[in-house]
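Residue strings, one per chain:
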Amino acid sequence: MITFVSSYIKRAIIKQAILHANPYVKDPCGSYSIFIFTVGFVLQSMSSLEMENEIGRKKFSGHVVVVPYSTLGHTNPMLQFAKNLASKGLLVSFVSLHYDHTRIEKAREYLNRLSLAVPGLVRLEWIPDEIPPEVPIDRHINDFLFYHMHHTMTGHGLESLLLRFNASANPVSCVVYDSFLPWVPKIAAKLSVPHAFFWTQSASVFSLYHHFKTVEKWHGEGNFPESFNVPCLGEFNIRDLPSKFHRVGGALDFFGDLDYVTDASWVLINSFDELEHRVLDYLSRLVRAPILTVGPSIPSAFLEGGNPEDKQVGEGSEPWEVPEFISKWLDSKPPLSVIYVSFGSITSISPNQIREIAEGLERSQQSFLWVIRPPKGHQDLNPLLPPGFLERIQERGLMVEWCVQLEVLSHPSMGVFMSHCGWNSTLDALSSGVPMLTLEIWTDQPPNAKCVADVWKIGRRMKKGEDGVVGMQEIERCVRSGMEGGEEFAELRKNSLRWKEAAARAMRPGGSSDANLSRFTRELAAIAA
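Residues numbered from 1 in each chain as written. Predicted model: local features only at pLDDT ≥ 70, side-chain atom pairs only at ≥ 80, totals over all residues. Heavy atoms only, no water.

Peer 1: Would you mind going over the overall build of the protein with me for this structure?
Peer 2: Along its length, the protein carries 21 helices and 15 strands. The buried share among the 529 residues of the protein stands at 57%. Partitioning the contacts of the protein with sequence separation of at least 6, the portion at a separation of at least 24 is 73%. Carbon together with sulfur atoms contributes 54% to the accessible area of the protein, which is approximately 22,200 Å² in total. (Helix = DSSP H or I, 4+ residues; strand = E, 2+ residues; numbered from the N terminus. Buried < 20%, exposed > 50% of the residue type's maximum accessible area, 1.4 Å probe, protein only. Contact = heavy atoms within 4.5 Å. Areas by Shrake-Rupley, 256 points an atom, 1.4 Å probe, with all protein chains shown as cover.)

Peer 1: Hey, could you run me through the side chain of Ser 297 in this one?
Peer 2: Of note, Ser 297 is situated in the loop between strand 9 (291–293) and helix 13 (324–331). For Ser 297, the side chain forms a polar contact with the main-chain nitrogen of Phe 81, separated by 3.3 Å. (Polar contact = N/O pair within 3.5 Å; in protein donor to acceptor, adjacent residues only side chain to side chain.)

Peer 1: Help me understand the nonpolar core, please; the structure alone is not making it clear to me.
Peer 2: Nonpolar side chains tend toward joint burial in soluble globular proteins. Grouped together as the largest cluster of nonpolar side chains are 116 residues, with contacts concentrated most on Phe 81, Val 176, Trp 183, Leu 268, Leu 369 and Phe 520. Those residues in contact with Phe 520, other than ones at most four positions away along the chain, are Phe 81, Leu 85, Cys 174, Val 176, Ala 196, Trp 266, Leu 268 and Leu 292. Trp 370, Phe 389, Met 418 and Val 470 belong to the second largest nonpolar core, which has 28 residues in total. (Core = buried A, V, L, I, M, F, W, Y, C linked by side-chain atoms within 4.5 Å.)

Peer 1: How should I be thinking about the packing of aromatic side chains in this particular structure?
Peer 2: Each aromatic ring pair is characterised by the separation of its centres together with the angle its planes make. Enumeration according to the criterion identifies 14 aromatic pairs in this entry. Residues Phe 81 and Phe 520 carry aromatic rings whose centres are separated by 6.4 Å and whose planes lie at 40° to one another, so their mutual orientation is tilted. With Phe 81 in helix 4 (residues 72–86) and Phe 520 in helix 21 (residues 512–528), this pair connects stretches of sequence that are 439 residues apart. Neither residue differs from the other here; Phe 81 and Phe 520 are each classed as buried. Between Tyr 177 and Phe 197, the aromatic rings sit 5.9 Å apart at their centres with planes inclined by 90°, giving edge-to-face as the arrangement. Of this pair, Tyr 177 sits in strand 4 (residues 174–178) while Phe 197 sits in strand 5 (residues 195–199), placing them 20 residues apart in sequence. An aromatic cluster is present here, built from Tyr 177, Phe 197, Trp 199, Phe 206 and Tyr 209 joined pairwise through their rings. Across the ring face of Phe 236, the terminal group of Lys 450 is positioned such that the distance to the ring centre comes to 5.4 Å. (Phe/Tyr/Trp six-rings, centres within 6.5 Å; stacked < 30°, edge-to-face > 60°. Lys NZ or Arg CZ within 6 Å of the ring centre and 35° of its normal.)

Peer 1: Help me understand the sheet that holds strand 8 (residues 266–269), please; the structure alone is not making it clear to me.
Peer 2: Each strand in a sheet pairs with its neighbour through backbone hydrogen bonds, running either in the same direction (parallel) or in the opposite one (antiparallel). Taken in spatial order, the seven strands line up as 3-2-1-4-5-8-9 in an open sheet, and their pairing is parallel. The open sheet has two edge strands, strand 3 (121–127) and strand 9, and neither has a second partner. Neighbouring strand axes in the sheet, compared pairwise and without regard to direction, differ in orientation by 25° on average. Here strand 5 pairs with strand 8 via four bridges, running parallel. For Ala 196, the partnering residue across the bridge sits in strand 8 and is Trp 266. Contacts from helix 4 reach strand 1 (63–67), strand 2 (91–97), strand 3, strand 4, strand 5 and strand 8 within the one sheet, and its direction differs from that of strand 2 by about 165°. In this fold helix 8 (residues 156–166) packs onto strand 1, strand 2, strand 3 and strand 4, with an angle of close to 140° to the strand it touches most, strand 3. (Pairing = 2+ DSSP bridges. Axes fitted to C-alpha atoms, helices over the stretch in contact; angles between N-to-C directions.)

Peer 1: Where do I start with the sheet that holds strand 14 (residues 436–438) in this structure?
Peer 2: Strands sit in the order 12-11-10-13-14-15 across an open sheet of six strands; the sheet is parallel. The open sheet terminates on both sides in strands that have one partner only, identified here as strand 12 (397–400) and strand 15 (459–461). With strand direction ignored, the average angle separating the axes of adjacent strands in the sheet is 15°. Its contacts with the sheet put helix 14 (residues 351–364) on strand 10 (338–342), strand 11 (367–371) and strand 13 (414–419), and the angle it makes with strand 11 is roughly 160°. Across the sheet, helix 19 (residues 472–483) lies against strand 10, strand 13, strand 14 and strand 15, angled at about 150° from strand 13, the strand it touches most.

Peer 1: Sorry, what's going on with the confidence of the model for the protein here?
Peer 2: Detailed conclusions should not be drawn from predicted coordinates in areas where pLDDT is low. Averaged over the protein, the pLDDT score is 83; the fraction of residues at 70 or greater is 81%. pLDDT under 50 marks residues 1–47. Its contacts with residues more than four places away, or in other chains, come to 48 contacts. (pLDDT = per-residue confidence, 0-100.)

Peer 1: When you look at the pairing of strand 1 in this model, what are you seeing that I'm missing?
Peer 2: In regular strands, side chains alternate between the two faces of the sheet. Counting buried residues along strand 1, five of its five residues qualify, which places the element largely inside the surrounding structure. Alternating residues of strand 1 divide into His 63, Val 65 and Val 67 and Val 64 and Val 66, and every residue in both groups is buried. The pairing of strand 1 with strand 2 spans four bridges and is parallel. In the sheet register, Val 65 faces strand 2, and the bridge partner there is Ser 93. Bridging between strand 1 and strand 4 involves four bridges; their strand directions are parallel. Across the sheet, residue Val 65 finds its bridge partner in strand 4, namely Val 175.

Peer 1: In this structure, what is going on with the packing of helix 17 (residues 423–432) against helix 20 (residues 487–507)? I would like to understand it.
Peer 2: A pair of packed helices is captured by two measures, namely the crossing angle of their axes and the spacing between those axes. Relative orientation of the contacting elements helix 17 and helix 20 amounts to 100°, with a least axis distance of 6 Å. Overall, the two elements helix 17 and helix 20 adopt an arrangement that is roughly perpendicular. Taking contact as the criterion, the partners of Leu 430, Ser 431 and Ser 432 in helix 17 are, on helix 20, Ser 496, Trp 499, Lys 500 and Ala 503. Of the residues assigned to the contact of helix 17 with helix 20, the class counts are three nonpolar, three polar and one charged. (Parallel < 35°, antiparallel > 145°, perpendicular 65-115°, else oblique. Nonpolar A, V, L, I, M, F, W, Y, C, P; charged D, E, K, R; others polar.)

Peer 1: Can you help me understand the packing of helix 8 against helix 9 (residues 183–190) in this one?
Peer 2: At a minimum axis separation of 10 Å, helix 8 and helix 9 run at an interaxial angle of 40°. Where helix 8 crosses over helix 9, the two elements pack in a sense that is right-handed. Note on element contacts: helix 9 touches helix 8 through Trp 183, Val 184, Ile 187 and Lys 190, opposite Leu 158, Glu 159 and Leu 162. Partitioned by chemical class, the residues of the contact of helix 8 with helix 9 number five nonpolar, no polar and two charged. (Left-handed = near helix turned anticlockwise from the far one by under 90°.)

Peer 1: Explain the environment of Ala 503 here, please?
Peer 2: Along the chain, Ala 503 turns up in helix 20. Here the alpha-carbon distance between Ala 503 and Leu 430, two residues 73 residues apart in the chain, equals 7.3 Å. Filtering out sequence-adjacent residues up to four positions away, Ala 503 remains in contact with Phe 272, Pro 296, Leu 303 and Ser 431.

Peer 1: Where do I start with the environment of Lys 186 in this structure?
Peer 2: Its location among the elements puts Lys 186 in helix 9. Measuring from C-alpha to C-alpha, the distance between Lys 186 and Glu 159 comes to 9.9 Å, with 27 residues separating the pair along the chain.

And the structure:
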């Protein structure tokens, strides 16, 4: 009887939703998308009825809407940020785009369970992505998606959602948006809702873009000098700049994103004060809004003194765990004896580079764990590896398509991390105290690698050939240097351990990032009062 009534109610609500489609939804894909959007919200609300009842009964000290750019490298740190805000007593609505919602939704059960231990609450919502159904979206970077988010996305679904929230017992105190979503602050301003600009990369990279936009006034044309000085960062050359600078007009979208900093009430950066204090001091004199570091935005179980239950950011209903066969393999290795090789969730390396890495690792005679998936356009990895490679390395090498990176980096056997130097991976290495070998590919990875080697001094940049590929001899040499000891890597390891402690200290109660989160929470509470 209960099932029948529930089904009847659902059908009735859906019928009304279809008859009275939300006027704010103007999806270019037409009425079908409106139907999916409306029905999706109804079914989501029905499945989250207990949470909604709790929210309706309780008055939170503030309500923050967090809107990430929907790729793992942006979603994960912003979801961890949402969890950190909830621990301060806030209601946080984490809003994903429809194409990414299925993945995010897998975290609901885990987030609900974690919320039982904190005074606040994280709830998951979604809005239409306005992407035509014929456009393929997968884990690889999609040029259409980037263009769409910067130039054609209207965000009417977000406007509708904010209006719904504002009519509830917990109206919106602030919208925190990913810097890659310039349509979000326009909607927040239209509704007179304060907004915060969330920068998922380093403060140093933010400073680079800001410098070339406001000081150099670069317009996307002309050649760069061989080298140049950047305030608080020192000497840079063209290979140290984000890849967007390497083509005419490439950085202009990012420059446009920075325009919205002027109107933001806060600038939030996934970093910590001690790591980038000189750059942060410099930026604070140039940017009107207060700049608050809120990182490293990683599960606190991986920071010394953190919550042991907080071991997961996103997918799945249970805390992340390294598959048992990987754990057993790592446990069988001596301390500091394994090199971990991973190039992130979306960075694609060329078949030629894959072969050179394989040859270099084999020649190094060191134990390694290599996380790799077939690059775009390839279904199988084996043809890209040297003949007989897997058979020859099976005693000391392990190749997998996925693992829990922070769990692996925290293992005592871990000696060196060969990485693309994406910002999340760089923070993982810093927070785990593991020195790095860098093989940067694109976007913010080159300046991150520059800082890893020359500023924070926790790693070595591997040298590329004229074809942009790091050869097997260079890989062998760097791996041997990192794993066989020596004065250089002893110093790099010492620096890495120092930054590990600094990262944990920043997120502990009273630490710099924790204090910034508390300040943000107090200022939101004043708005909500």
